[in-house]
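Architecture at a glance
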Amino acid sequence: MPNLDAEQLANALTELGDLLASRGTPYEVVLIGGGNLMLRGLIGRTTTKDLDLLGKRTADGVVPLRPLPEDLTRAIRDVADTLGLEPDWINLGPDSLLDLGLPTGFEARLERTQYGDGLGVWMAGRFDMICFKLYAAVDQGTRSHHFQDLNDLRPTPDELLAAASWTTTHDPSPAFRGLLVTILDELGVEDADAALG
């Protein structure tokens with residue numbers, strides 16, 4: 001199956017929302033990853049293979065969805081069957097972020113979009129996506145789609161340094177820091193090593 005573009009993603013989410021509503025099982029979910037950025041028109045990438053869920057949005061904040069509840073899994077698969085999508089076109093992304101800690105102010109920056117009658121999708125804010133994409137780019141390098149997505153977000157040096165500070169709370173190792181400095185240098189942060197302190 002080919003990758004999905006933003007219009008196909010939105011249509012599939014609307015179909016999912018209507019199906020969830022018809023079954024009396026509405027959901028409020030938090031979306032990260034390239035699909036989030038594509039749906040909001042923030043990056044140049046035009047397709048993705050899936051959507052990454054971080055968790056469920058509740059009155060108490062963002063909580064894990066692991067494993068995905070059976071009613072949500074069944075609806076995702078039913079939409080996949082109807083539209084000819086891969087069965088895991090929505091899946092749990094790096095939900096370990098919830099264990100390791102989200103960037104300060106993450107919930108205040110979430111932006112909600114309603115799809116169909118039964119699906120509220122809370123999309124991680126631009127700064128938070130800079131944090132996540134920087135972390136992933138350090139892991140996967142400058143040839144990865146994460147690095148390209150990060151570059152497309154056009155982060156300022158100050159945003160990159162703030163994001164870098166967050167990433168080091170997840171991996172404080174010297175090896176990670178060395179790779180982080182390389183990525184920051186590539187993105188135009190002057191004297192990144194000294195700037196990180």
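Here we summarise the structure given alongside this text. (Residues numbered from 1 in each chain as written. Predicted model: local features only at pLDDT ≥ 70, side-chain atom pairs only at ≥ 80, totals over all residues. Heavy atoms only, no water.)

1. Description of the nonpolar core
Grouped together as the largest cluster of nonpolar side chains are 61 residues, with contacts concentrated most on Leu16, Trp89, Leu119, Phe132 and Leu134. Take this core: its biggest share by element is 7 residues, from helix 5 (residues 126–140). (Core = buried A, V, L, I, M, F, W, Y, C linked by side-chain atoms within 4.5 Å. Buried < 20%, exposed > 50% of the residue type's maximum accessible area, 1.4 Å probe, protein only. Helix = DSSP H or I, 4+ residues; strand = E, 2+ residues; numbered from the N terminus.)

2. What to know about a negative patch on the surface
Together, Asp185, Glu186, Glu190 and Asp191 make up a negatively charged patch on the protein surface. Locating Glu186 in the fold gives a position in helix 8 (residues 174–186). According to the relative accessible area criterion, Glu186 is exposed, its value standing at 52%. (Patch = residues over 30% accessible without salt bridge, like charges linked within 9 Å, V, L, I, M, F, W, Y side chains within 5 Å. Areas by Shrake-Rupley, 256 points an atom, 1.4 Å probe, with all protein chains shown as cover. Salt bridge = Lys/Arg side-chain N within 4 Å of Asp/Glu carboxyl O. Lys, Arg positive; Asp, Glu negative; His and termini not counted. Charge placed at Lys NZ, Arg CZ, Asp CG, Glu CD.)

3. Some points on the pattern of salt bridges
A complete count under the given rule lists 12 salt bridges for this structure. With a shortest N-O distance of 2.5 Å, Arg23 and Asp78 are connected by a salt bridge. Highlighted residues: Arg23 in the loop between helix 1 (6–22) and strand 1 (27–32) and Asp78 in helix 3 (residues 70–83), separated in sequence by 55 residues. Arg23 sits in the partly exposed class, given a relative accessible area of 38%. The partly exposed category is assigned to Asp78, whose relative accessible area is 24%.

4. Quick notes on the environment of Thr168
With respect to the helices and strands, Thr168 occurs in helix 7 (residues 157–170). Given the relative accessible area of 27%, Thr168 is considered partly exposed. Considered as a pair, Thr168 and Leu196 are 28 residues apart in the sequence and their alpha carbons are 9.9 Å apart. Each residue touching Thr168, except ones within four places of it in the same chain, is listed here: Phe176 and Leu180. (Contact = heavy atoms within 4.5 Å.)

5. Concerning the packing of aromatic side chains
Enumeration according to the criterion identifies 4 aromatic pairs in this entry. For the pair Phe106 and Phe132, a centre-to-centre distance of 6.1 Å together with 45° between the ring planes defines the contact as tilted. Of this pair, Phe106 sits in the loop between helix 4 (97–100) and strand 5 (111–115) while Phe132 sits in helix 5, and the two are 26 residues apart along the sequence. On the basis of relative accessibility, which here comes to 9%, the residue Phe132 falls in the buried class. Judged by centre distance (6.0 Å) and plane angle (70°), the ring pair of Tyr135 and Trp166 falls under edge-to-face. Of this pair, Tyr135 sits in helix 5 while Trp166 sits in helix 7, and the two are 31 residues apart along the sequence. Judged by its relative accessible area of 9%, Trp166 is buried. Connected via pairs of aromatic rings, a cluster forms that spans Phe106, Phe132, Tyr135, Trp166 and Phe176. Seen from the ring of Trp122, Arg57 lies directly overhead, with NZ or CZ sitting 4.6 Å from the centre. (Phe/Tyr/Trp six-rings, centres within 6.5 Å; stacked < 30°, edge-to-face > 60°. Lys NZ or Arg CZ within 6 Å of the ring centre and 35° of its normal.)

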